[in-house]
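Observations on the model geometry
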Protein chains: 2
Amino acid sequence: MKDHNPSLEAILNFIVEVEKLKGVLRKTRPVGLERYENSAEHSWHVCLSALVLRDYANEPIDIDKVIRMLLIHDLGEIDAGDQIVYAAVSAQRHEQERAGIQRVLDNLPEDMAGEFLSLWDEFEAGESPESLYARAIDRLPPLLHNLHGGGHSWKENGISREQVLNLNSRIGLGSRSLWESMRRKLDQAAEEDLL
Amino acid sequence: MKDHNPSLEAILNFIVEVEKLKGVLRKTRPVGLERYENSAEHSWHVCLSALVLRDYANEPIDIDKVIRMLLIHDLGEIDAGDQIVYAAVSAQRHEQERAGIQRVLDNLPEDMAGEFLSLWDEFEAGESPESLYARAIDRLPPLLHNLHGGGHSWKENGISREQVLNLNSRIGLGSRSLWESMRRKLDQAAEEDLL
């Protein structure tokens, strides 16, 4: 048996630390479930959604980079908590989340921590094809949860039809076809007074 | 606005259908939480764990392939449910899960469904470097949950020290250093009567 391996031990600490994301609650309920979604299962859902929708990105993308981005995109919430997508995004909030992910990444070897922080910064900036696509996918599940769940989160949080349409139109920056499809569903939901 | 896009609609149905994995409960509790873990958040956790432990695989691996494998590895449980890792693995159980994932994949374009079923088969066979590593990582969180949670799942399910050591020694097939580290932790837990 080899001697104690400090790098490996630190990585195992990271693996235990990120478990806390399973306890961070979001604002929508998964389809068919009564409870609120947590940010860990959401992260899985958007990774898989990105993978199966890869052919619908506006620009050529490195899908593996998108998946890595989405695997870590919410780690800052362990310290900062989840915030509804309709809330104003402040510089302060961004810095809270960035400090949060930095604290968690501190357990990892320096080069790996740097790699993940760069990915997170790229995601947050929303300028590269990968981040535009990843951010589009990140917006999808809450819409589906509302559309299949009586618009519960829109109602609970007093979100208007205009807010839903305005904010989510950014999905089109990553995938025009996805936004066209979701826009149709939202228009239909509006006709049914769901929003 | 383009016409209705049937392929995209089918993929969106898949994205809603796989939500059900969030309702499949496993046999351990995440560190710090009272409730049982679900298979969706577990899937995220093993994807991220595989990514950060990539340098500890026994053989060179395509880590992006490993992550895709782990993203979909539990989809068969939507129909078949979760089974504790210590249960006897029967051919019948394997076929139940395979039929389950096939049903879910049926929503996807044929080539994509085939790609994912191949990945699942490769994971289940446990012969390629990627599947050996992915299967090693898949065994890690339940050990950490028990080690950080009073051995709750070992006690609840009457799992002996020998069973834990024998079954999990297969972690070494994917990562010898990871198994050495976990073996040390398990020996220490045994000294403390945790198992």
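If you're wondering where the values come from, they're calculated on a predicted model, not measured in any experiment.

**Here we look at the overall build of chain A**
Each helix and strand in chain A was counted, giving 11 helices and zero strands. Secondary structure elements of chain A occur, N-terminal to C-terminal, as α-α-α-α-α-α-α-α-α-α-α. On C-alpha atoms alone, chain A measures out to a radius of gyration of 18 Å, which is about the 16 Å that the 2.2 N^0.38 rule sets for 195 residues. Oriented by its inertia axes, the alpha-carbon framework of chain A measures out at about 65 × 35 × 35 Å. A total of 195 residues make up chain A; the buried ones form 57% of that total.

**With respect to the pattern of salt bridges**
Note on pairing: side chains with opposite charge can pair once their charged atoms come close. One pass over the structure, following the stated rule, counts 38 salt bridges over all chains. With its nearest N and O atoms 2.6 Å apart, the salt bridge here joins R93(B) to E97(B). Of the two residues, R93(B) and E97(B) are both situated in helix α5 (residues 91-105); the distance of four residues between them amounts to about one turn of the helix. Assessed through its relative accessible area of 9%, R93(B) is described here as buried. Take E97(B): its relative accessible area is 11%, and that puts it in the buried class. It is possible to trace a salt-bridge network through shared partners that takes in E19(A), K22(A), R26(B), K27(B), E37(B) and D82(B).

**Examining the packing of aromatic side chains**
All told, the structure shown has zero aromatic pairs over all chains when counted by the stated rule. Sitting over the face of the ring of F123(A), R135(A) holds its NZ or CZ atom 5.3 Å from the ring centroid.

**Side note on the packing of helix α1 (residues 6-17) of chain A against helix α2 (residues 39-52) of chain B**
Closest axis-to-axis distance for the α1(A)/α2(B) pair is 10 Å, and the angle between their directions is 160°. Here α1(A) lies roughly antiparallel to α2(B), going by the angle between them. Crossing hand, α1(A) versus α2(B): right-handed. The residues of α2(B) that touch α1(A), namely those facing I11(A), F14(A) and I15(A), are H45(B), L48(B), S49(B) and V52(B). Among the residues forming the contact of α1(A) with α2(B), the class breakdown is five nonpolar, two polar and no charged.

**Here we look at the relation of the copies chain A and chain B**
Note on the copies: chain A fits chain B at an RMSD of 0.0 Å, the axial shift is 0.0 Å, and the rotation between them is 180°. This pairing of chains is accounted for by a two-fold axis. If distances are taken from each C-alpha of chain A to the rotation axis, the shortest is found for E41(A), at 2.0 Å. Both copies present the same face, since 98% of the interface residues in chain A are matched by interface residues at the equivalent positions in chain B.

**Points about unusual backbone geometry**
Here D193(A), not a glycine, exhibits a phi torsion of approximately 60°, which is positive. You can see D193(A) is positioned in the segment after α11 (176-191).

**Digging into the interface of chain A and chain B**
With 61 residues of chain A at the contact, the number on the chain B side is 60 residues. The tally of links between chain A and chain B comes to eight salt bridges. As a salt-bridge pair, R68(A) and D64(B) come within 3.1 Å of each other at their nearest N and O atoms. Secondary structure elements with two or more residues in the side of chain A that touches chain B: α1, α2 (39-52), α3 (63-72), α6 (110-125), α7 (129-147) and α11 of chain A. Broken down by element, the side of chain A that touches chain B gets its largest block of residues, 10 residues, from α2(A). Partitioning the side of chain A that touches chain B into residue classes produces 32 nonpolar, 12 polar and 17 charged.

**A look at α7(A)**
Under the 1.5 Å per step criterion, the end-to-end length of α7(A) is 27 Å for 19 residues, consistent within 8% with the ideal 27 Å. Counted residue by residue, α7(A) has 17 buried out of 19 residues, so it is predominantly covered.

**Overview of the UniProt feature "domain: HD" (unreviewed entry) in chain A**
Summarizing the sequence annotation, UniProt attributes the feature "domain: HD" (unreviewed entry) to residues 18-170 of chain A in the numbering used throughout. Helix makes up 59% of residues 18-170 of chain A and strand 0%, and the two end C-alpha atoms of the span are 29 Å apart.

**Remarks on the confidence of the model for chain A**
On average, chain A scores 95 in pLDDT, and the residues at 70 or more come to 98%. Prediction confidence for the complex, expressed as pTM and ipTM, is 0.96 and 0.96 respectively.

**Things to note about the environment of P30(B)**
Inspection of the secondary structure puts P30(B) in the loop between α1 (6-17) and α2. You can call P30(B) buried: its relative accessible area is 2%. On a C-alpha basis, the gap between P30(B) and A57(B) in space is 25 Å, while along the polypeptide they are 27 residues apart. Among all residues touching P30(B), those that are not within four sequence positions of it are E19(A), K22(A), R35(B), Y36(B), E37(B), E41(B) and H145(B).

**Describing the environment of L12(B)**
One can find L12(B) in helix α1. As a C-alpha pair, L12(B) and F123(B) span 111 residues in sequence and 25 Å in three-dimensional space. Each residue touching L12(B), except ones within four places of it in the same chain, is listed here: L140(A), L178(A), S181(A), M182(A) and K185(A).

**Focus on the environment of E19(B)**
As for its placement among the helices and strands, E19(B) is situated in the loop between α1 and α2. Placed 21 residues apart in sequence, E19(B) and A40(B) show a C-alpha to C-alpha distance of 8.0 Å. Every residue in contact with E19(B), bar those within four places of it in the chain, is listed here: P30(A), V31(A), E37(A), H45(A) and H145(A). Side-chain polar atoms of E19(B) contact the side chain of H45(A), separated by 3.1 Å.

What counts as what
- Residues numbered from 1 in each chain as written.
- Chains lettered and ligands numbered in written order.
- Predicted model: local features only at pLDDT ≥ 70, side-chain atom pairs only at ≥ 80, totals over all residues.
- Heavy atoms only, no water.
- Helix = DSSP H or I, 4+ residues; strand = E, 2+ residues; numbered from the N terminus.
- Rg over C-alpha atoms; globule rule 2.2 N^0.38 Å.
- Buried < 20%, exposed > 50% of the residue type's maximum accessible area, 1.4 Å probe, protein only.
- Salt bridge = Lys/Arg side-chain N within 4 Å of Asp/Glu carboxyl O.
- Phe/Tyr/Trp six-rings, centres within 6.5 Å; stacked < 30°, edge-to-face > 60°.
- Lys NZ or Arg CZ within 6 Å of the ring centre and 35° of its normal.
- Axes fitted to C-alpha atoms, helices over the stretch in contact; angles between N-to-C directions.
- Parallel < 35°, antiparallel > 145°, perpendicular 65-115°, else oblique.
- Left-handed = near helix turned anticlockwise from the far one by under 90°.
- Contact = heavy atoms within 4.5 Å.
- Nonpolar A, V, L, I, M, F, W, Y, C, P; charged D, E, K, R; others polar.
- Least-squares fit on C-alpha atoms with pLDDT ≥ 70 in both.
- Expected span 1.5 Å × (residues − 1).
- UniProt positions renumbered as here; feature names shortened; annotations may be inferred.
- pLDDT = per-residue confidence, 0-100.
- Polar contact = N/O pair within 3.5 Å; in protein donor to acceptor, adjacent residues only side chain to side chain.

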